[in-house]
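Spelled out from the first residue to the last, the chains are:
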Amino acid sequence: MYGLALGGGGVRGSYEIGVLKALKEMNIEIGAITGTSIGAINGAAFLMNDMELMEEIWKSLKNDSLIKFKDIHIPDIIKNKGFDFDVLMDLLHKHIDEVVIRQNPIDFGIVTYNLSTMEPIILFKENIPKGKLIDYVGASANHPSFERLKIEGDAFIDGAVYDNIPVLPLYEKGYRDIIAVNLRTIGDDKDLSGPYNLIEITPDNSLGSVLFPDPETIRRNITYGYLDTLKKFGKAHGYRYYFKSLNDFSLLNALSAEEVKELNQKIHPIFLSKTLDHYEDTLREDYSHTLAALEITAEVLKIDNIKLFAHQGELLDEIFVFLGEIAKGNRTIPIMERIIFKELDSNALNALQLAAPKRAIANLFLKLLQNRLLGE
């Protein structure tokens with residue numbers, strides 16, 4: 001049974017909805033959830049047992065959903081030391097039921113910071129006074145840009161000022177298998193490892209603004225969270241792209257000895273290693289030069305990665321379709337990317353390696369595909 005730590009990150013917390021959706025779909029057993037800021041809100045909402053409603057609420061958010069720009073009065077903001085926090089609190093009271101959360105067998109904890117006593121506050125639901133659970137969830141998410149939330153006279157601020165990814169409270173509760181969601185906000189580069197088995201789920205893709213919701217970004221973030229979680233639990237493969245399985249395709253077979261020899265003549269092994277090492281470290285037993293080059297070429301061509309491909313051959317098909325559209329004049333690409341289609345001599349290729357290593361890889365990969373298709 002896992003403990004789950006949901007990190008803070010404002011609107012980027014939409015990513016956590018995808019994580020929770022995947023964990024639920026895979027029947028990963030969760031014994032306790034801790035959350036900071038938006039992580040506390042998402043954790044509380046998850047315990048309401050209505051994933052569809054959670055996703056629907058997130059997808060309904062717009063740029064002014066949390067801050068009502070048309071009603072802004074600068075003197076009031078200065079006087080109150082922040083934007084109106086009632087908008088978010090009204091949303092919490094509308095959709096979160098304290099009784100349901102307390103009855104849920106999954107334990108729940110929040111992190112906030114008491115500015116009146118100048119001390120961090122870490123509370124699990126059994127320690128939160130009855131009738132105050134929603135207030136403490138709000139206190140955990142009281143971002144510095146909002147007016148301070150007060151509970152029984154004490155002022156609180158976002159728990160991120162103390163612990164933005166609350167793994168340690170789970171360990172202290174006895175959990176030794178912990179899943180942590182890191183939204184990559186400022187200060188979230190700290191090492192989360194400890195005397196426990198840690199699965200850290202974190203995005204490689206940009207999640208957008210912290211404060212201002214954008215419907216399209218939210219939809220993408222939910223999908224990225226879902227796909228990254230599948231990947232962490234071995235249900236998807238790939239580095240930047242996502243494949244349900246990795247199948248054998250003749251065009252994507254491992255390099256032959258002759259192809260390796262030719263590659264080493266065209267490109268310095270040190271450069272190749274420096275460019276592909278991170279792919280090898282991430283993909284591990286799935287790694288091959290051709291899989292890494294396939295993904296790099298798709299990235300250079302700006303083929304979207306926001307889907308679960310059935311297998312790597314499906315991504316290769318998209319590359320071929322893309323190339324066909326370019327050949328027909330139905331699609332254009334920036335001038336700098338066109339170099340990947342050119343026949344380059346050794347000097348030009350060496351220069352490209354230094355200036356734009358991924359374009360050099362894409363150039364070599366397209367040449368490899370051409371040779372294999374022609375049987376050369």
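Residues numbered from 1 in each chain as written. Predicted model: local features only at pLDDT ≥ 70, side-chain atom pairs only at ≥ 80, totals over all residues. Heavy atoms only, no water.

Engineer: What exactly am I supposed to notice about the overall build of the protein here?
Structural biologist: When you go through the protein residue by residue, the secondary structure sums to 15 helices and 10 strands. Its C-alpha atoms give the protein principal-axis dimensions of about 75 × 50 × 35 Å. Scored against the burial criterion, the 376 residues of the protein give a buried share of 49%. By sequence separation, contacts in the protein at least 24 residues apart represent 70% of the contacts at least 6 residues apart. For the protein, the accessible area works out to roughly 18,700 Å², and carbon and sulfur atoms hold 52% of it. Averaging the coordinates of the 41 positive side-chain charges in the protein and doing the same for the 54 negative ones gives two points 3 Å apart. (Helix = DSSP H or I, 4+ residues; strand = E, 2+ residues; numbered from the N terminus. Buried < 20%, exposed > 50% of the residue type's maximum accessible area, 1.4 Å probe, protein only. Contact = heavy atoms within 4.5 Å. Areas by Shrake-Rupley, 256 points an atom, 1.4 Å probe, with all protein chains shown as cover. Lys, Arg positive; Asp, Glu negative; His and termini not counted. Charge placed at Lys NZ, Arg CZ, Asp CG, Glu CD.)

Engineer: What am I meant to see in a nonpolar patch on the surface here?
Structural biologist: A contiguous nonpolar patch, built from Ile122, Val161 and Tyr162 and spanning about 280 Å² of accessible area, is present on the exposed surface. Positionally, Ile122 belongs in strand β4 (residues 119-124). (Patch = residues over 30% accessible without salt bridge, like charges linked within 9 Å, V, L, I, M, F, W, Y side chains within 5 Å. Salt bridge = Lys/Arg side-chain N within 4 Å of Asp/Glu carboxyl O.)

Engineer: Could you clarify how one ought to interpret the confidence of the model for the protein in this entry?
Structural biologist: As a note on interpretation, predicted positions should not be read in detail where pLDDT is low. Scored by pLDDT, the protein comes out at a mean of 89, with 93% of its residues at no less than 70. Counted against residues more than four places away or in other chains, residues 67-81, with its pLDDT under 50, gives 17 contacts. (pLDDT = per-residue confidence, 0-100.)

Engineer: What am I meant to see in the pairing of strand β1 (residues 2-6) here?
Structural biologist: Across a regular strand the side chains alternate sides, sitting on one face of the sheet and then on the other. The element β1 is largely enclosed, with a buried count of 4 among its 5 residues. As defined by bridge partners, β1 adjoins strand β2 (residues 30-36) across 5 bridges and the pair is classed as parallel. The residue bridging Leu6 from the neighbouring strand is Gly35, located in β2. With helix α1 (residues 14-25) bridging β1 and the parallel β2, this β-α-β connection has right-handed handedness. Pairing of β1 with strand β7 (residues 177-181) involves 4 bridges; the strand directions are parallel. Within β7, the position partnered with Gly3 by the bridge is Ile178. (Pairing = 2+ DSSP bridges. Right-handed = clockwise from strand over helix to strand, strands pointing away.)

Engineer: I would appreciate a short explanation of the environment of Tyr226 in the present structure.
Structural biologist: With respect to the element layout, Tyr226 can be found in helix α9 (residues 215-232). A C-alpha to C-alpha distance of 4.9 Å links Tyr226 and Val19, two positions 207 residues apart in sequence. Non-local contacts of Tyr226, meaning those with residues more than four positions away in its chain, are made with Gly18, Val19, Lys21, Ala22 and Glu25.

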